[in-house]
There are 2 protein chains.
Amino acid sequence: MMKSRQRRLAGRFAAALLLALGCVSLANAQGSRILVRNAELVLTMDPQLGQGELGSLEKADVLLEDGRIVQVGKKLPASGATVIDASGKIVMPGFVDTHTHLWQSMIRDCGTDQTVVGWLSACMRDVGPRMTPEQTYAAVRLSIFDAITTGVTTVTDWSHAFNAGFANADLRALTDSGLRFVFAYCFDPAQEGNIRRVKQEVIDHNPLAHLQLCGIARSGNEAVLAGMVRLADELGVDTNVHLHENIADRQNGQIASLEQAGAIKSNLMVNHAIHLTDEEITLLASRGVRVAHCPLSNMRLASGVIRMPELLQAGIKIGLGLDGGTNDTTDMFNLMRAAVGLQRASRLSATTPPTVAQVLRMATLGGAEVLGLEHEIGSLTPGKRADLIVIDPEAANFAPKVDWPSQIVFNGQPRNVETVIVGGRLLKARGKVLGISEAVWVEQAERLRKPLD
Amino acid sequence: MMKSRQRRLAGRFAAALLLALGCVSLANAQGSRILVRNAELVLTMDPQLGQGELGSLEKADVLLEDGRIVQVGKKLPASGATVIDASGKIVMPGFVDTHTHLWQSMIRDCGTDQTVVGWLSACMRDVGPRMTPEQTYAAVRLSIFDAITTGVTTVTDWSHAFNAGFANADLRALTDSGLRFVFAYCFDPAQEGNIRRVKQEVIDHNPLAHLQLCGIARSGNEAVLAGMVRLADELGVDTNVHLHENIADRQNGQIASLEQAGAIKSNLMVNHAIHLTDEEITLLASRGVRVAHCPLSNMRLASGVIRMPELLQAGIKIGLGLDGGTNDTTDMFNLMRAAVGLQRASRLSATTPPTVAQVLRMATLGGAEVLGLEHEIGSLTPGKRADLIVIDPEAANFAPKVDWPSQIVFNGQPRNVETVIVGGRLLKARGKVLGISEAVWVEQAERLRKPLD
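These lines cover the structure that appears in this document, whether it is placed above or below. (Residues numbered from 1 in each chain as written. Chains lettered and ligands numbered in written order. Predicted model: local features only at pLDDT ≥ 70, side-chain atom pairs only at ≥ 80, totals over all residues. Heavy atoms only, no water.)

Thoughts on the overall build of chain A
Along its length, chain A carries 14 helices and 17 strands. The C-alpha radius of gyration computed for chain A amounts to 21 Å, which stays within 12% of the reference 22 Å derived for 453 residues, consistent with globular compactness. C-alpha extents for chain A along the principal axes are approximately 60 × 55 × 45 Å. Looking at chain A as a whole, 65% of its 453 residues qualify as buried. Residue pairs in contact within chain A that sit at least 24 positions apart in sequence constitute 76% of those at least 6 positions apart. Summing over all exposed atoms, chain A offers an accessible surface of approximately 15000 Å²; the carbon and sulfur share of this is 53%. (Helix = DSSP H or I, 4+ residues; strand = E, 2+ residues; numbered from the N terminus. Rg over C-alpha atoms; globule rule 2.2 N^0.38 Å. Buried < 20%, exposed > 50% of the residue type's maximum accessible area, 1.4 Å probe, protein only. Contact = heavy atoms within 4.5 Å. Areas by Shrake-Rupley, 256 points an atom, 1.4 Å probe, with all protein chains shown as cover.)

Description of the interface of chain A and chain B
Taken residue by residue, the interface counts 65 residues in chain A and 65 residues in chain B. With both sides pooled, the region where chain A packs onto chain B buries about 5200 Å², and carbon together with sulfur makes up 56% of that total. Counting across the chain A and chain B interface gives two salt bridges. Here Glu438(B) makes a salt bridge to Arg415(A), at a shortest N to O gap of 2.9 Å. Ranked by the residues each element gives to the side of chain A that touches chain B, the list is headed by helix α11 (residues 332-347) of chain A, at seven residues. (Buried area = accessible area lost by both parts, 1.4 Å probe. Salt bridge = Lys/Arg side-chain N within 4 Å of Asp/Glu carboxyl O.)

A few points about the packing of aromatic side chains
With the rule as written, the count across this model stands at 12 aromatic pairs over all chains. Ring centres 5.0 Å apart and planes at 90° place the aromatic pair Phe162(B) and Phe166(B) in the edge-to-face group. Judged by relative accessible area, which is 24%, Phe162(B) ranks as partly exposed. In this structure Phe166(B) comes out as buried when scored by relative accessible area, which is 0%. An aromatic cluster is built from Trp103(A), Phe162(A) and Phe166(A), whose rings are joined through pairwise contacts. Directly above the ring of Trp404(A) sits Lys401(A), whose terminal nitrogen or CZ lies 4.2 Å from the centroid. It is Arg300(B) that lies over the ring of Phe410(A); its NZ or CZ is 5.6 Å from the centre. (Phe/Tyr/Trp six-rings, centres within 6.5 Å; stacked < 30°, edge-to-face > 60°. Lys NZ or Arg CZ within 6 Å of the ring centre and 35° of its normal.)

Brief notes about the relation of the copies chain A and chain B
When chain A is fitted to chain B, the residual RMSD is 0.0 Å, and the transformation amounts to a turn of 180° plus an axial shift of 0.0 Å. Here the symmetry operator amounts to a two-fold rotation axis. Both copies contact each other with a shared surface, as 100% of the interface residues of chain A are interface residues in chain B too. (Least-squares fit on C-alpha atoms with pLDDT ≥ 70 in both.)

Right, here's the structure in full:
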């Protein structure tokens with residue numbers, strides 16, 4: 001058995017050491033030059049750079065420098081660069097997860113016979129507010145490890161921020177991880193001071209960090225929502241709420257409360273957005289509201305099937321979200337095929353959106369658009385941040401080569417993600433997440449979960 | 001790069017050598033004694049052996065001998081046994097895949113914008129009949145490698161048997177693999193001689209092998225279907241057809257053709273069974289017909305949502321099928337959560353069947369019942385065949401412990417399957433499939449796929 005006391009202690013020591021070293025290696029990585037060489041297929045997601053919707057290039061290189069993409073093309077110069085050999089492999093932008101709750105690895109698979117309504121009572125409200133900063137940190141790091149494994153390079157962490165200690169620990173875990181993140185800090189008038197401090201001290205100087213303010217849309221909560229809108233406008237950040245996830249939400253006055261608070265405008269993104277009338281879709285589209293779609297969560301919680309064709313027809317931008325804790329699996333490939341399959345099975349049409357190309361875009365550039373980060377991430381366009389993944393198709397679940405873009409969607413598993421780079425820094429290499437080992441995070445989560453029972 | 005010419009040749013030599021050794025080790029394994037010791041949780045799937053629907057036991061052992069389960073309980077004697085330490089782990093019966101087409105790894109993700117109707121023309125009818133025995137063997141072995149990875153211990157291979165050479169190669173791959181299998185040989189009057197030979201020479205003396213006869217239900221094919229029924233009755237085997245998979249199948253006279261051929265009786269199992277009226281459900285139930293449900297395939301091909309509550313209410317037995325090639329991912333965990341989530345999202349109910357316990361049963365004992373093998377496999381009942389898997393929950397995608405049975409369904413990934421045992425023989429250990437390496441099967445499939453383009 002791995003978990004003898006001796007190994008546990010050694011593991012914790014290693015963890016502490018690597019935490020300290022982490023900051024140094026992160027700083028160093030910003031100045032590095034990396035050549036991802038000779039990929040069999042590069043899906044740039046930028047039609048200007050290659051063929052078709054996915055901007056595909058064959059036998060191509062991607063050159064990264066100072067944390068940004070410098071060039072995409074054939075036979076790029078390797079001088080002074082660390083070379084990553086991508087022969088026979090697929091290179092594409094890292095996945096953008098537009099909606100999750102990272103702390104919820106602590107309540108994985110709680111209340112699996114509940115809709116979101118019952119689940120909120122049975123699982124979330126009971127555990128979350130009792131979590132110490134140490135527990136929060138451990139839970140978030142475990143989720144991040146899992147996210148990196150599946151090739152997520154930007155995560156949107158809708159933090160319930162039950163108190164300032166919880167929010168700070170959540171944010172510290174994100175900052176320490178090396179992942180690019182949008183921290184959606186749930187507005188609470190009592191935490192306004194901490195939100196301002198976080199913006200200034202933690203977010204603004206970190207190129208990996210972005211802030212949003214989140215809130216609860218419901219009748220009676222208009223004053224708090226208005227406070228969220230006011231502070232978001234002042235800080236120049238987006239707002240983020242759950243909308244019509246469960247059919248019962250239609251009775252909660254969610255849209256009216258948002259409208260009264262002045263929230264329904266172009267800096268708003270909404271999660272789930274399932275039970276919408278044609279008129280509501282038109283309203284959201286006319287105001288430039290964007291949607292995080294979470295099909296695995298919507299299936300687990302019996303939330304329903306999003307009206308994707310109607311949303312896209314109205315011009316609403318859609319990204320994908322893993323929605324940790326109510327999903328519960330962190331598998332972006334599984335998420336993409338669920339997004340496709342749920343629409344197809346419901347509508348008995350294999351050409352209903354999303355197509356394979358559409359869902360690959362939703363999982364990358366589309367997600368970036370939902371977050372308002374499309375000028376920074378989501379495609380391998382020179383000048384953007386160096387966030388990419390290398391997929392190895394030479395595996396029993398993926399080979400032989402038939403139609404690789406389709407194989408990513410319908411055959412991919414986290415194990416096929418060989419390399420993950422965020423801002424020019426390697427987070428996963430040769431199939432292994434770098435830094436503190438999986439066993440350490442698992443052991444910490446197991447140990448810290450127990451007092452919450 | 002791994003794929004230098006030298007390594008390829010070395011790999012092929014190793015493959016040939018291990019193929020020769022495979023038969024020896026298979027024979028040896030039948031006499032071995034294995035103690036799977038100190039599992040944190042054993043889901044026996046037999047309510048007589050433990051708590052609740054899943055027959056759960058904590059801190060228990062499973063003793064295997066001569067390819068069968070001998071005893072399940074605490075602190076069993078280890079004398080003379082090879083010990084597998086399952087401390088901290090979950091032990092359960094191996095998964096039973098009730099419907100797949102193993103050769104279709106050669107057409108993975110072909111025609112991903114098609115329903116089954118377009119897919120049959122675009123992908124299957126073009127490639128399948130042109131496959132040589134060598135190509136068939138390689139494709140089937142690749143799929144089997146993948147199936148073992150995800151914890152499948154019994155596979156139902158609906159072989160199109162385009163010709164006798166195809167059928168024999170398919171069957172040879174199954175026989176060589178060590179997996180338990182049901183070979184559904186598609187009846188063709190021209191192949192009746194080969195079917196009889198296969199039954200006698202390949203199936204009857206192999207405790208891992210079972211035979212079914214399959215056919216195509218459609219108006220105009222009644223004579224062939226009647227031939228299938230006649231030979232199946234004579235050989236004492238089940239029959240197996242696709243039924244009302246696509247909405248268009250309702251126009252093909254499928255049920256009438258089966259009825260005219262005398263096929264609708266207790267030795268018939270049907271795949272998909274989506275578009276059924278109440279009357280048709282009553283008919284199938286009254287005749288004891290069983291169903292293989294393939295939710296991932298049904299999503300990919302826009303086939304629709306099975307009427308699971310109505311089928312279960314009528315007393316119809318349901319198992320799960322991966323349906324390779326039209327799914328395309330071989331991930332039994334993904335399959336279980338799709339089975340749950342598709343029903344929930346369609347019906348906006350988190351308590352609609354299948355529950356977590358029901359879907360775990362469908363993937364094991366329920367599948368065995370569909371195949372008529374419930375007295376042999378599907379639960380860890382003493383006397384049954386020694387087919388089981390060990391799941392390691394100490395992974396970033398699975399930990400911490402909250403509700404393990406739910407975590408298997410909603411969090412599980414193939415990577416969590418640490419050990420796979422079939423008939424007392426280890427096929428996967430310490431997370432690796434034993435025998436010929438993945439790289440060899442992948443390389444062969446890649447090489448042999450090219451001539452089919």
